[in-house]
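What the coordinates show
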Number of protein chains: 2
Amino acid sequence: MKLLKEKILQEGIVLSENVLKVDSFLNHQMDPVLMSEIGREFANRFTSESITKVLTIESSGIGPGIMAAMHLQVPLIFARKRKSMTLTDNLLTSSVYSFTKQEDYTISVSSKFITSQDNVLIIDDFLANGQAALGLIDLINEAGAALAGVGIVIEKGFQEGGRVLRERGIKVESLAILKSLKDGNIQFADAATEEVIIHE
Amino acid sequence: MKLLKEKILQEGIVLSENVLKVDSFLNHQMDPVLMSEIGREFANRFTSESITKVLTIESSGIGPGIMAAMHLQVPLIFARKRKSMTLTDNLLTSSVYSFTKQEDYTISVSSKFITSQDNVLIIDDFLANGQAALGLIDLINEAGAALAGVGIVIEKGFQEGGRVLRERGIKVESLAILKSLKDGNIQFADAATEEVIIHE
């Protein structure tokens, strides 16, 4: 997605070979116009899949998630990482390992919002090692629902998450795939962006 | 806001005299069409205020916040309740007391996203005792920015937050104000809704 890649090149800050900071438009400050275009792009890429629900995880997934849900005209559900006072129902739960924090955390969704009738699209801001996506897939399986696919704003192509999901036959659509962050340079994996870099 | 109040009457579940569960459309599952209408309504109510930024707090504020930001065509910033690995900048921070959890937690925003040039609209899903809103106002003051007002989806009119903020001269716009949840009945404080109740 050209608009997104341009924004990444303009505002992304490489903190290390593994960490790209995009907090000016994606996961702390959010650009709502870009977010809406991202949602529209996800809706286009999954338009033939008869999605009934969009599922994401708090907090950074909610922006792109609700915009995808808006353009698909279906509800968004966000999995919680903490317990809610008013979430007293039966919960679908899964354990997710965080490489960053080196600990497990539990994600949960009320079982009344995902059922065996649903065809669920997962949306998240980043795909790195894939642990969060796998946790969300667990919740979908637990509900007996179908997984339509996974939509990612920025995939770290140099980490294993994308390969792990695609090897399972899951449709993964990433709007920008990072090939490398070496030496402070942002390189994209997909051809369309090389063009953007050349034009910079 | 009629559409919102109808949704509350249709889907809200009274858990106690103080707790209304609206997780089917506001803070767990979200209805993106309603959320967009809520954002449009906030934009209309603050259209004369020359807003430059919308500020909310993770996680439930992000949905209404980004929709308000979209309709106002300004960025959204969400304050974090936890530390982020990539938030290494100077932070604006404030301590918020949670009556629910009976403990303090720290909220923070990167100082580069709110400056003395900004006129900030706070958006949140609920207003109860006002602690979260006061914490966000602290961040705005710390930045030397101006506060344009506070937009709330559901105000618990029987708790003190709304009075506390309005007594400070702050413009508070709540799209639905609950008068009471006694005996499992949802009663709104503002006249327009009595009409809705009668028509139910």
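Sequence order sets the numbering: in each chain, residues are counted from 1 along the sequence as written. Just so you know, chain letters begin at A and ligand numbers begin at 1, following the order they were written in. Given that the model is predicted, a residue must reach a pLDDT of at least 70 before its local features are reported, and side-chain atom pairs must reach 80 or more before they are shown or counted; all residues, however, enter totals for whole chains, interfaces and linings. Heavy atoms from the whole structure form the basis of all side-chain values; hydrogens and water molecules are not counted.

For the record, the criterion: UniProt positions are given in the numbering used here, feature names are shortened, and annotations may be inferred rather than shown by experiment.
Under an unreviewed UniProt entry, the name given to chain A is Xanthine phosphoribosyltransferase, and the organism recorded is Peribacillus deserti. The record held by UniProt for chain A lists under Subunit (unreviewed entry) the comment "Homodimer."

**A short note on the nonpolar core**
To be explicit about the condition: Residues grouped as a nonpolar core are buried Ala, Val, Leu, Ile, Met, Phe, Trp, Tyr and Cys residues, joined through side-chain atoms within 4.5 Å. The buried label goes to any residue with under 20% of its type's maximum accessible area, the exposed label to any with over 50%, and the partly exposed label to all in between, with areas taken from a 1.4 Å probe on protein chains only. Every residue pair with non-hydrogen atoms within 4.5 Å of one another is taken to be in contact.
Formed by 76 residues in total, the largest nonpolar core has its most connected members in Leu 4, Ile 8 and Ile 38 of chain A together with Leu 4, Ile 8 and Ile 38 of chain B. Those residues within four positions of Leu 4 of chain A in sequence are excluded, and the remaining contacts are Phe 25, Leu 34, Ile 38, Val 153, Leu 175 and Ala 176 of chain A.

**Brief notes about the sheet that holds strand β10 (residues 172–180) of chain A**
In plain terms, the rule: What makes two strands pair is DSSP finding at least two bridges between them. Runs of H or I in DSSP of at least four residues are treated as helices and runs of E of at least two as strands, each being numbered from the N terminus. Between N-to-C directions, angles span 0 to 180 degrees; the directions come from axes that are lines fitted to C-alpha atoms, helices contributing only their stretch in contact.
Strand order across the open sheet formed by seven strands is β11(A)-β10(A)-β9(A)-β8(A)-β4(A)-β5(A)-β3(B), with mixed pairing between neighbours. The open sheet has two edge strands, β11 (187–188) of chain A together with β3 (29–30) of chain B, and neither has a second partner. By the bridge criterion, eight bridges tie strand β8 (residues 119–127) of chain A to strand β9 (residues 146–156) of chain A in an arrangement that is parallel. Across the sheet, the residue bridging to Asn 119 of chain A is Ala 146 of chain A, located in β9 of chain A. Relative to the sheet, helix α2 (residues 32–45) of chain A contacts β8, β9 and β10 of chain A, its axis offset from that of β10 of chain A by approximately 115 degrees.

**So, the relation of the copies chain B and chain A**
The condition is simple: Copies are brought into register by a least-squares superposition over C-alpha atoms of residues with pLDDT of at least 70 in both.
Structural alignment of chain B on chain A gives an RMSD of 0.0 Å, achieved by rotating through 180 degrees and translating 0.0 Å along the axis. Viewed as a symmetry operation, the transformation between the two copies matches a two-fold axis. No C-alpha of chain B approaches the rotation axis more nearly than that of Ser 59 of chain B, which lies at 2.7 Å. Comparing contact sets, 100% of the residues at the interface of chain B also lie at the interface in chain A, consistent with an isologous, same-surface contact.

**What to know about the packing of helix α1 (residues 2–11) of chain A against α2 of chain A**
All names here are of chain A. Worth spelling out the cut-off: Note on angle classes: values under 35 degrees are labelled roughly parallel, values over 145 roughly antiparallel, values of 65 to 115 roughly perpendicular, and the remainder oblique. Note: crossing handedness is left-handed where the near helix turns anticlockwise from the far helix by less than a right angle, and right-handed where it turns clockwise. Three classes are used: nonpolar for Ala, Val, Leu, Ile, Met, Phe, Trp, Tyr, Cys and Pro, charged for Asp, Glu, Lys and Arg, and polar for all others, with Gly counted as polar.
Here α1 crosses α2 at 140 degrees, and the two axes come no closer than 10 Å. Looking at the two axes, α1 sits oblique to α2. For the pair α1 and α2, the crossing hand works out as left-handed. In this structure, α1 uses Leu 3, Leu 4 and Lys 7 to contact α2, whose residues at the interface are Leu 34, Glu 37 and Ile 38. Grouping the constituent residues of the contact of α1 with α2 by class yields four nonpolar, no polar and two charged.

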